[in-house]
Amino acid sequence: MDSRMGDRLAGKTAIITGAANGMGRAHVLRLAREGAKVLATDVDKAGLNETVARATSLGGTAIGLEQDVTDGARWTEIVAEAEKQFGKLDILVNNAGILVLKPVEETTDEEWDRVQGINAKGVFLGIRAAVPAMQRAGGGSIVNISSIYGVIGAPSAAAYQASKGAVRLLTKASAVDLAKYGIRVNSVHPGVIETPMTTALLADPESTRAILSTTILERPGKPEEVSNVVLFLASDEASFVTGAEYLVDGGYTAQ
Ligand SMILES: NC(=O)c1ccc[n+]([C@@H]2O[C@H](COP(=O)([O-])OP(=O)(O)OC[C@H]3O[C@@H](n4cnc5c(N)ncnc54)[C@H](O)[C@@H]3O)[C@@H](O)[C@H]2O)c1
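Overview of the structure.

About the thresholds
Residues numbered from 1 in each chain as written. Predicted model: local features only at pLDDT ≥ 70, side-chain atom pairs only at ≥ 80, totals over all residues. Helix = DSSP H or I, 4+ residues; strand = E, 2+ residues; numbered from the N terminus. Contact = placed C-beta atoms within 7 Å. Pairing = 2+ DSSP bridges. Axes fitted to C-alpha atoms, helices over the stretch in contact; angles between N-to-C directions. Near = placed C-beta within 6 Å. Nonpolar A, V, L, I, M, F, W, Y, C, P; charged D, E, K, R; others polar. Buried ≥ 20, exposed ≤ 12 C-beta atoms within 10 Å, placed from the backbone. Core = buried A, V, L, I, M, F, W, Y, C linked by C-beta atoms within 7 Å. Right-handed = clockwise from strand over helix to strand, strands pointing away.

This next bit is on the environment of Glu81. Checked against the element boundaries, Glu81 lands in helix α3 (residues 72-86). In sequence terms Glu81 and Leu39 are 42 residues apart; their C-alpha atoms lie 8.5 Å from each other. Beyond its immediate sequence surroundings of up to four residues, Glu81 is in contact with Leu39 and Leu65.

Printed below as a string of structure tokens:
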């Protein structure tokens, strides 16, 4: 990984959820390398410690706090902590998520509620908690991680797709509501990316073949390739971008 420091987010502060693994960790490292002070959160304490250690060793500023994104009271504490530690809040990346692969007819009430709770309600709680702090900061940028499965249908992921579709439209609704405060809200839709979430999927030659047959670039993506888009949306370079959906899928949805 390129470890050079830059200044595209100099003076900015960010909260990134689901930061202990996969793409969340990559987003922390990428944003910290561009000068953002990052409050990284996750339910996985050990993974979070590793993320913070890596960000620090790259010369970045990051702290880690345990957070379950379904807990509204904890969201209030996390936002207050970001303001306390770093003085303000400019950026929120709602990245935490879980995948349940089940056809709709086999999905249980508990699986449905758990997936919506983390993937959709967790994003809503994060946006709502961040707004007062971003108002105090004079504006901000919220980046919500949806999926290609928030845009198109696929077999055996009904609850997941419903949650990611909710994130897509919650993003647009929030962009409309929050523009008056100078807060931009956008969604990012990764295709198949190599993370712990897809390890089992990509270990199976048949499912890998199926994925690659529909991915124009003929390979899974790397977390850092998604981080580059998150970085752009988080930065002032995206000052005229809000309510938008960014596919980062190697062309998966292009045909
Ligand atoms: N990997 C892919 O191919 C892919 C594709 C499209 C979208 N996504 C989305 O990208 C995001 C990151 O996924 P990833 O592939 O890095 O997965 P991952 O499993 O590697 O990381 C997800 C992180 O979320 C955390 N998390 C789970 N439940 C939580 C909760 N209740 N509160 C706080 N943190 C919680 C996990 O501990 C983990 O660290 C997710 O929203 C996922 O749905 C992934």
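Here the narrative resumes, following the displayed structure.
Taken in spatial order, the 7 strands make up an open sheet running β3-β2-β1-β4-β5-β6-β7, and their pairing is parallel. Strands with a single pairing partner mark the edges of an open sheet, and in this sheet they are β3 (61-66) and β7 (245-248). Neighbour-to-neighbour, the strand axes of this sheet turn through a mean angle of 20 degrees, independent of strand direction. For strand β1 (residues 13-16) and strand β2 (residues 37-42), the ladder comprises 4 bridges, and the chain directions are parallel. Among the inter-strand pairings, Ala14 is bridged to a residue of β2, identified as Val38.

It is worth spelling out the site of the ligand at this point. As a matter of local geometry, the ligand sits amid 30 residues, with Gly18, Gly22, Gly97, Thr195 and Met197 nearest to it. If you tally residues by element for the shell around the ligand, the top one is helix α1 (residues 22-33), at 3 residues. Of the residues contributing to the shell around the ligand, the split by class is 14 nonpolar, 13 polar and 3 charged.

Looking now at the environment of Ser235. Locating Ser235 in the fold gives a position in the loop between α8 (223-234) and β7. A residue is classified by how many C-beta atoms lie within 10 Å of it, and Ser235, with 19 of them, is partly exposed. Placed 94 residues apart in sequence, Ser235 and Ser141 show a C-alpha to C-alpha distance of 7.6 Å. When neighbours within four sequence positions are excluded, Ser235 is seen to be in contact with Arg8 and Leu9.

Let's shift gears to unusual backbone geometry. With a phi angle near 60 degrees, Ser156 is a residue other than glycine that sits in the positive phi range. When you line up the elements, Ser156 lands in the loop between β5 (140-145) and α5 (158-178).

Let us now look at the nonpolar core. Counting 66 residues, the largest nonpolar core has Val28, Leu31, Val38 and Ala234 as its most contacted members. Sequence-distant contacts of Ala234, that is, excluding residues within four places in its chain, are made with Leu9, Ala14, Leu31, Ile91, Val93, Ser141 and Val143.

Let us now look at the pairing of β3. Relative to β3, β2 runs parallel, the two sharing 6 bridges. What sits directly across from Ala40, in β3, is Gly64. You can see the chain leave β2, run along helix α2 (residues 45-57) and come back into β3, and the turn it takes is right-handed.

Just distances and angles here, no functional claims.
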